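Below, each chain spelled out in residue letters.
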Number of protein chains: 4
Amino acid sequence: MARISKAPGERRLELIETAERLFFRRGFDETTVSDIVRELNVAQGTFYCYFKSKDDVLAAVIHRSISQGVEKLRTAIAQPARNAGERLSRLVSGMLSEYSGHSKLALYMQKENNAGIHQKSVIEVVSRVTPLFEEVIRDGTHSGDFSVEHPAEMAALLVGILVHLLHNPGLIDEPPRRERMCATMEQILRASLHGSKGDQGIQLQW
Amino acid sequence: MARISKAPGERRLELIETAERLFFRRGFDETTVSDIVRELNVAQGTFYCYFKSKDDVLAAVIHRSISQGVEKLRTAIAQPARNAGERLSRLVSGMLSEYSGHSKLALYMQKENNAGIHQKSVIEVVSRVTPLFEEVIRDGTHSGDFSVEHPAEMAALLVGILVHLLHNPGLIDEPPRRERMCATMEQILRASLHGSKGDQGIQLQW
Amino acid sequence: MARISKAPGERRLELIETAERLFFRRGFDETTVSDIVRELNVAQGTFYCYFKSKDDVLAAVIHRSISQGVEKLRTAIAQPARNAGERLSRLVSGMLSEYSGHSKLALYMQKENNAGIHQKSVIEVVSRVTPLFEEVIRDGTHSGDFSVEHPAEMAALLVGILVHLLHNPGLIDEPPRRERMCATMEQILRASLHGSKGDQGIQLQW
Amino acid sequence: MARISKAPGERRLELIETAERLFFRRGFDETTVSDIVRELNVAQGTFYCYFKSKDDVLAAVIHRSISQGVEKLRTAIAQPARNAGERLSRLVSGMLSEYSGHSKLALYMQKENNAGIHQKSVIEVVSRVTPLFEEVIRDGTHSGDFSVEHPAEMAALLVGILVHLLHNPGLIDEPPRRERMCATMEQILRASLHGSKGDQGIQLQW
DNA sequence: TATGAATGAGTGTTCATTCAT
DNA sequence: TATGAATGAACACTCATTCAT
């Protein structure tokens, strides 16, 4: 086969994107390394020039996918907002739509037979999203919109709720349930974070 | 080898118990059907007289383990209580201690390399524990201790928090964090469920 | 494929014989486990019911082949003999003809690309043949035919000479060289083992 | 990476020395070409500017190592000596100490998992040392110290004994065995080479 | 000479499951 | 019910070597 050299970064990216597409289409276990390289018309060994193992690409794929979502969230809370509740709402709404809609990650999370991906994804999501919640909660407490004694712990627990929702798409599959879930979520947020001011501005778009 | 017949129930139970011990000790994937039957001095085929597959015993093991915990929870909330908050507290405290202490399940949940068991366990725990929460919340709402519009959804979200804690033992490994986590949990519960009466009686033992 | 059960001993023997034939024909590395089972029309897994690994059959093959040769040697020295020299001559002649003629082992020993087999074979041959030499030398010393102070060490060194010959077929490939080698070998044996009696009876048939 | 040109001989030597160190430390199969070039901070391809293949460096490494030993032996027998026995003794003692002590080659020879190196080393040692033995024996026969009809064959067989000792360090690991082995070796040499003169001067230093 | 990205052939092994007895 | 010999699919990974630059 013709030998085509490329810049390492480019080759690596091609591999990640191809792997992502295949993992997404058929699941991790059902995708072989051979499948990936065949699609790119490169040799089996080329794969191993860029990744230590099949698990290693998976990590890269997950990291990349999640990074994109996290970046959006980060941007969302960086926008000017009337109050802390609005920022938190953006965070929660963002997570729900980003990870439970038609996004790549949503599927990993929900597909059976992908327990491994699932778990790794959750771990990465949690570890990267929790700090964002913590920041918003902490800021809100400073501004008086919220009143939370332990922002880190509160953040962790709220993220827990969201992850649980993403894990269990059955909880929100029918519109009426989704409505009720959304209302309940708002209730929990408002009650748990209530500060001295009247309107915190929590309002989920979902 | 001599053929030893036993009462079907007994043989089945032996298999479940042996499988549980091994799954627990080395993880699911690292335990082979051979390991299980060798320990019991029965033939490979015997295993398949009682279980359709290896996954099938896993289901039995998980079901059995979780049932024991759920039974305790059911008993706990059946005891007379001064108010709904006390019942809920028992439920939450019970779950935390049952599943995060030294119980069998706690380990499945926390061990890496057991993504499959993990996932199945969570599904079973959630499906069996959520109704208990729903019942307590619904009762509490009737009695006026709580004021929750959508008990089913509230139950689901609260269970989500708990599952998240069990998934992430790192969140509660140091005593001070655990204290803060416990306080935050109480805060969320009190605020989210607050009814017309003053004292709901929510007080976690952990 | 039809499932044909056989007595374990029989199956095992079939596998060893087939493996031997193939190792012998194409070398160890060039023979795959698939080759072996295909020839016998059994499944890949069947192989692993009887052997832990490919190396494991190799050990079995070598052990079996060498055992046959050693058995002949043992028989040869057990026959009545006029003196120790005759017994020793049988041993040496036997080894040379058994292992350097057209016997299976001869080929392992001489084939390149079989360094592994080679080495394992030598180790096994040495460990099983040296005691026979030691016995004959010891007996000969007792009877006065030989006069050897350290029979074990003398046995080891003489076996060394023989193994070296087997390793280096080039030393004996032309008849005249072979003649000279044989005479020299006799000289060494006679001189090294010389006892009080005149004729020890050392006379190689080769 | 910066391209660093060096005198060809120098580069080649660096590669040989690095390869030797690694082969010695981890064995031939366990050392990759990557390991070698990484250690020297040169590219994969550079290796192939100097050696046709990995086996090719191995040959160079072995050749170089053995040459050093052979040179010492050659020097030893070139020194003035009272008689042929003394020269032979130097040869035998030299081989034993050179190749069985702490020398590089000794380890190749004794390490398992290095069947390939082992075999190649032996072949090279034998082919280069045997002529030295032959020379000494032939000279000794001319001078009357020895009386050997076929010097080439005698040399080959004596080398066989020595190689066998080097192969089987177990034969000489305990001091008492070593003593006996040394005495037996002397006995064989004296008896096999005995000439018309009384004292041949064979006396091993080991 | 030197680089280093690319090549690609090659296989031992596991173990859940089956089925003839 | 129990046995246990037999099945067989399925695949990640290495690394010596090449070659376009």
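In this text, all values refer to a predicted model and were calculated from it rather than measured experimentally. (Residues numbered from 1 in each chain as written. Chains lettered and ligands numbered in written order. Predicted model: local features only at pLDDT ≥ 70, side-chain atom pairs only at ≥ 80, totals over all residues.)

**Q** I'm lost on the overall build of chain A in this one. Help?
**A** Scanning chain A from N- to C-terminus turns up 9 helices and 0 strands. Relative to its 206 residues, chain A shows a buried fraction of 42%. Residue pairs at least 24 apart in sequence account for 64% of intrachain contacts in chain A once pairs closer than 6 positions are excluded. (Helix = DSSP H or I, 4+ residues; strand = E, 2+ residues; numbered from the N terminus. Buried ≥ 20, exposed ≤ 12 C-beta atoms within 10 Å, placed from the backbone. Contact = placed C-beta atoms within 7 Å.)

**Q** When you look at the relation of the copies chain D and chain C in this model, what are you seeing that I'm missing?
**A** Note: a rotation about an axis with an accompanying shift along it relates these two copies of the chain. After a rotation of 180 degrees and a shift along the axis of 0.1 Å, chain D superposes on chain C with an RMSD of 0.2 Å. Expressed as an axis order, the relation between the two copies is that of a two-fold axis. Here 100% of the interface residues in chain D have copies in chain C that are interface residues too; the copies meet face to matching face. (Least-squares fit on C-alpha atoms with pLDDT ≥ 70 in both.)

**Q** Can you help me understand the protein's contact with DNA strand E in this one?
**A** In the vicinity of DNA strand E there are 43 residues, among which Gly45(A), Ser53(B), Gly45(C), Ala43(D) and Gly45(D) approach most closely. Put simply, the parts of the chain that give the surface near DNA strand E at least two residues each are helix H1 (8–26) and helix H3 (44–50) of chain A, helix H2 (33–40) and helix H3 (44–50) of chain B, helix H2 (33–40) and helix H3 (44–50) of chain C together with helix H1 (8–26) and helix H3 (44–50) of chain D. Grouping the amino acids of the surface near DNA strand E by side-chain chemistry returns 16 nonpolar, 18 polar and 9 charged. (Near = placed C-beta within 6 Å. Nonpolar A, V, L, I, M, F, W, Y, C, P; charged D, E, K, R; others polar.)

**Q** I tried to follow the protein's contact with DNA strand F on my own but got confused; where do I start?
**A** Around DNA strand F sit 43 residues in total, of which Gly45(A), Ala43(B), Gly45(B), Gly45(C) and Ser53(D) are the nearest. For the surface near DNA strand F, the secondary-structure elements that each account for two or more residues are helix H2 (33–40) and H3 of chain A, helix H1 (8–26) and H3 of chain B, helix H1 (8–26) and H3 of chain C together with helix H2 (33–40) and H3 of chain D. Looking at the surface near DNA strand F residue by residue, the class counts come to 16 nonpolar, 18 polar and 9 charged.

**Q** Can you help me understand the domain arrangement of chain A in this one?
**A** You'll often see interface size given as the accessible area lost when the parts meet. Under the domain assignment, chain A is made up of domain 1 (8–51) and domain 2 (62–193). Computed over C-alpha atoms only, the centres of domain 1 of chain A and domain 2 of chain A are separated by 30 Å. (Domains from an automatic or database assignment.)

**Q** Teacher, can you tell me more about the interface of chain B and chain A here?
**A** Across the boundary between the two partners, chain B contributes 26 residues, which contact 26 residues of chain A. Within the residue set of the side of chain B that touches chain A, elements represented by two or more residues are helix H7 (115–143), helix H8 (151–167) and helix H9 (175–193) of chain B.

**Q** Honestly, the interface of chain D and chain C in this entry has me stumped. Any pointers?
**A** With 26 residues of chain D at the contact, the number on the chain C side is 26 residues. Put simply, the parts of the chain that give the side of chain D that touches chain C at least two residues each are helix H7 (115–143), helix H8 (151–167) and helix H9 (175–193) of chain D. Across the side of chain D that touches chain C, the residue classes tally to 13 nonpolar, 10 polar and 3 charged.

**Q** Just checking my understanding: could you explain the environment of Arg38(D) for this structure?
**A** Here Arg38(D) shows up in helix H2. When the C-alpha positions of Arg38(D) and Leu13(D) are compared, they lie 16 Å apart, and in sequence the two are 25 residues distant.

**Q** Help me understand unusual backbone geometry in this model?
**A** The general pattern is negative phi for most residues beyond glycine and trans for most peptide bonds. All names here are of chain C. Notably, asparagine 41 is not glycine yet its phi reads approximately 55 degrees, a positive angle. Mapped onto the fold, asparagine 41 is located in the loop between H2 and H3. Using a count of 10 C-beta atoms within 10 Å as the deciding quantity, one classes asparagine 41 as exposed.

**Q** What is the right way to look at the packing of helix H8 (residues 151–167) of chain C against H9(D) in this model?
**A** When two helices pack together, you describe them by how their axes are tilted relative to each other and by the distance separating the axes. Relative to each other, H8(C) and H9(D) sit at 60 degrees, their axes nearing to 9 Å. Here H8(C) is positioned oblique relative to H9(D), judged by the angle of their axes. With respect to the hand of their crossing, H8(C) and H9(D) are arranged in right-handed fashion. Taken together, the residues of H9(D) that come into contact with H8(C) (itself represented by Glu153(C), Met154(C) and Leu157(C)) are Arg180(D), Met181(D), Thr184(D), Met185(D) and Ile188(D). Considered class by class, the residues forming the contact of H8(C) with H9(D) number 5 nonpolar, 1 polar and 2 charged. (Axes fitted to C-alpha atoms, helices over the stretch in contact; angles between N-to-C directions. Parallel < 35°, antiparallel > 145°, perpendicular 65-115°, else oblique. Left-handed = near helix turned anticlockwise from the far one by under 90°.)

**Q** What exactly am I supposed to notice about the packing of H1(A) against helix H4 (residues 54–78) of chain A here?
**A** Residue and element names in this part refer to chain A. Remark: H1 packs on H4, axes separated minimally by 9 Å, with the N-to-C direction vectors making an angle of 90 degrees. With respect to their mutual orientation, H1 and H4 come out roughly perpendicular. Between H1 and H4, the contacting residues are Leu15, Ile16, Ala19, Glu20 and Phe23 on the first element and Val57, Leu58, Ala60, Val61, Arg64 and Ser65 on the second. Among the residues making up the contact of H1 with H4, the classes are represented as 8 nonpolar, 1 polar and 2 charged.

**Q** Even after reading the chapter, I still don't get H7(D), so can you show me in this structure?
**A** All names here are of chain D. Across its 29 residues, H7 extends 41 Å between first and last C-alpha, which sits within 8% of the 42 Å expected from 1.5 Å per residue. Within H7, the axis deviates most sharply at valine 129, by approximately 25 degrees, and proline proline 131 lies no more than four positions further along. Glycine 144 lies just past H7 and shows a positive phi near 90 degrees. (Expected span 1.5 Å × (residues − 1). Bend = angle between axes of the 7 residues up to and from the residue.)

**Q** Sorry if this is basic, but what is going on with the environment of Lys120(C) here?
**A** Residue and element names in this part refer to chain C. One can find lysine 120 in helix H7 (residues 115–143). Residue classification places lysine 120 among the buried residues on the basis of 22 C-beta atoms within 10 Å. With near-sequence residues (within four places) excluded, lysine 120 lies in contact with Leu58, Ala59 and Ile62.

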